[in-house]
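These are the residues of each chain, in order.
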Amino acid sequence: AETVLELDDLTVRFHLRRGDLTAVDGASFSIERGQTFGLVGESGSGKSVTAKAIMRLIPAPPGEIPRGRVLFEGSNILDKSDAEMRALRGRRIAMVFQEPMSALNPVFTVCDQISDALRTNLGLSKKEARERVVELLSLVGIPSPQKRLDSYVHEFSGGMRQRVMLAMALSCNPNFLIADEPTTALDVTIQATILELITGMIERLGMSLLFITHNLGVVAHACDRVGVMYASHIVELGDKREIFARPQHPYTVGLLNSIPRLDGQAKYLTPIAGSVCNMMDPPTGCKFHPRCSHAMDVCRREIPRLKEIAPGHLAACHLHDRGTA
Ligand code: SF4
Ligand code: MG
């Protein structure tokens, strides 16, 4: 299959007053055409920063990308000019943000927000854009879209706002979509519906998706491949079935044991012990070692490298150096 996006050793650092923070450290993975890739990890693990780097939305300063490449359809996004990036954003790569209200403008009607991009990017007339907005709103399952065109965002419920965001993201037919925790703010049943909507759309429109979530349970439904991120590192990478059936990193095992269910029944089965890594002062060696029940001496000294455990299944854990896992 054709590779649409390839991250190669992507590293993102922020120079803050309190000190330097490496938010993404050597991330490498690729996404093929038509594929849905789930990037999973706790908040602060570097998922959203990875997404922003792909969109070239890391402010510099304080941000810096000291190493790595982001190849989109074969060319490095990090080398593009601002004008080239503007042409790419929206039209080829689009993003659905974490919080719809931060991306939607409260003073514009839904029609105005979406048709703005249609008119600038696709050169549609006002009337054509309006018709296209109706199509888009019905595509994302907004009932009686004709009647909702001139509504303001605050008149929509949380779930409907997500749909408006999605319609906006899809407006210029991008072939790559990034969805950054599009569901956290929402009720679990709405989460499931929105997710189904996104994945259905991906399939129908032949797009690729990078789906970012802290909930491995969500990934179980939505994704082909999964990357698990912990404290700025990709610690496990593989096909979804492999990850669920044969997780190879203790953190992934922990995540699997603590999946909050979509039906909202059980909460956390077994939470992962210890507290989230302080990224301003991360531990030496394996970043997970203070929380890992398998930690050995080597784990405190050496950062484990991602290596292939089975075809297409990689993990970064010293347990695999010794063949004990
Ligand atoms: Fe645990 Fe060591 Fe593996 Fe890190 S490298 S996950 S501390 S066993
Ligand atoms: Mg985030």
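Structure's up top.
Because the structure is a prediction, the values reported are computed rather than measured.

Thresholds applied
Residues numbered from 1 in each chain as written. Chains lettered and ligands numbered in written order. Predicted model: local features only at pLDDT ≥ 70, side-chain atom pairs only at ≥ 80, totals over all residues. Pairing = 2+ DSSP bridges. Helix = DSSP H or I, 4+ residues; strand = E, 2+ residues; numbered from the N terminus. Core = buried A, V, L, I, M, F, W, Y, C linked by C-beta atoms within 7 Å. Buried ≥ 20, exposed ≤ 12 C-beta atoms within 10 Å, placed from the backbone. Domains from an automatic or database assignment. Contact = placed C-beta atoms within 7 Å. Near = placed C-beta within 6 Å. Nonpolar A, V, L, I, M, F, W, Y, C, P; charged D, E, K, R; others polar. Axes fitted to C-alpha atoms, helices over the stretch in contact; angles between N-to-C directions.

Peer 1: Looking at this model, I keep getting lost on the sheet that holds strand β4 (residues 63-72). Mind explaining?
Peer 2: Strand pairs in the sheet, formed through backbone hydrogen bonds, run parallel or antiparallel to each other. Pairing within the open sheet is antiparallel, and its 4 strands lie in the order β2-β1-β4-β5. The strands lining the two open edges of the sheet, one partner per strand, are β2 (19-32) and β5 (75-76).

Peer 1: Sorry, what's going on with the nonpolar core here?
Peer 2: For soluble globular proteins, nonpolar side chains are generally found buried alongside one another. Formed by 83 residues in total, the largest nonpolar core has its most connected members in Ala167, Ala169, Leu177, Leu209 and Leu210. Examining the composition of this core, we find that 8 residues originate from one element, helix α7 (residues 158-170), more than from any other. Per-domain counts for this core show at least three residues from each of domain 1 (34-55 + 81-92 + 177-320) and domain 2 (99-173). Filtering out sequence-adjacent residues up to four positions away, alanine 167 remains in contact with Ile114, Leu136, Leu137, Leu139 and Val140.

Peer 1: Just to check I follow, could you spell out the pairing of strand β3 (residues 36-40) for this structure?
Peer 2: Within β3, 5 of the 5 residues are buried, leaving the element largely enclosed by the surrounding structure. The alternating pattern of β3 places Thr36, Gly38 and Val40 on one face and Phe37 and Leu39 on the opposite face, and all of these are buried. As paired elements, β3 and strand β8 (residues 208-213) share 5 bridges and run parallel to each other. Along β8, the bridge assignment pairs threonine 36 with leucine 209.

Peer 1: Looking at this structure, how should I read the pairing of strand β9 (residues 225-230)?
Peer 2: A regular strand places its side chains so that they alternate between the two faces of the sheet. The buried count for β9 comes to 6 of 6 residues, which makes it a mostly enclosed element. Residues of β9 alternate between two faces, with Arg225, Gly227 and Met229 on one and Val226, Val228 and Tyr230 on the opposite face, all of them buried. Where β3 and β9 come together, 4 bridges link them in parallel fashion. By the bridge assignment for β9, phenylalanine 37 is matched with arginine 225. Where β9 and strand β10 (residues 233-239) come together, 6 bridges link them in antiparallel fashion. Bridging from a neighbouring strand, valine 228 pairs with glutamate 236 of β10.

Peer 1: How should the environment of isoleucine 243 be read in this particular structure?
Peer 2: Following the sequence through the fold, isoleucine 243 ends up in helix α10 (residues 240-245). Distance from isoleucine 243 to valine 228, taken between C-alpha atoms, is 9.4 Å for residues 15 residues apart in sequence. Those residues in contact with isoleucine 243 that lie beyond four places of it in its chain are Val226, Glu236, Gly238 and Thr252.

Peer 1: Is there a simple way to think about the site of ligand 1 in this case?
Peer 2: With respect to spatial proximity, 14 residues lie near ligand 1, and among them Cys286, His289, Cys292, Cys299 and Cys317 are the closest. Looking at the shell around ligand 1, its residues break down into 10 nonpolar, 4 polar and no charged.

Peer 1: Help me understand the sheet that holds strand β12 (residues 313-315), please; the structure alone is not making it clear to me.
Peer 2: Strand order in the open sheet made by the 8 strands is β6-β7-β8-β3-β9-β10-β12-β11, with mixed pairing throughout. Two strands bound the open sheet, and with one partner strand each, they are β6 (93-96) and β11 (307-310). In this sheet, neighbouring strand axes are inclined to one another by 20° on average, regardless of whether the strands run parallel or antiparallel. Bridging between β11 and β12 involves 3 bridges; their strand directions are antiparallel. Bridging from a neighbouring strand, alanine 310 pairs with histidine 313 of β12.

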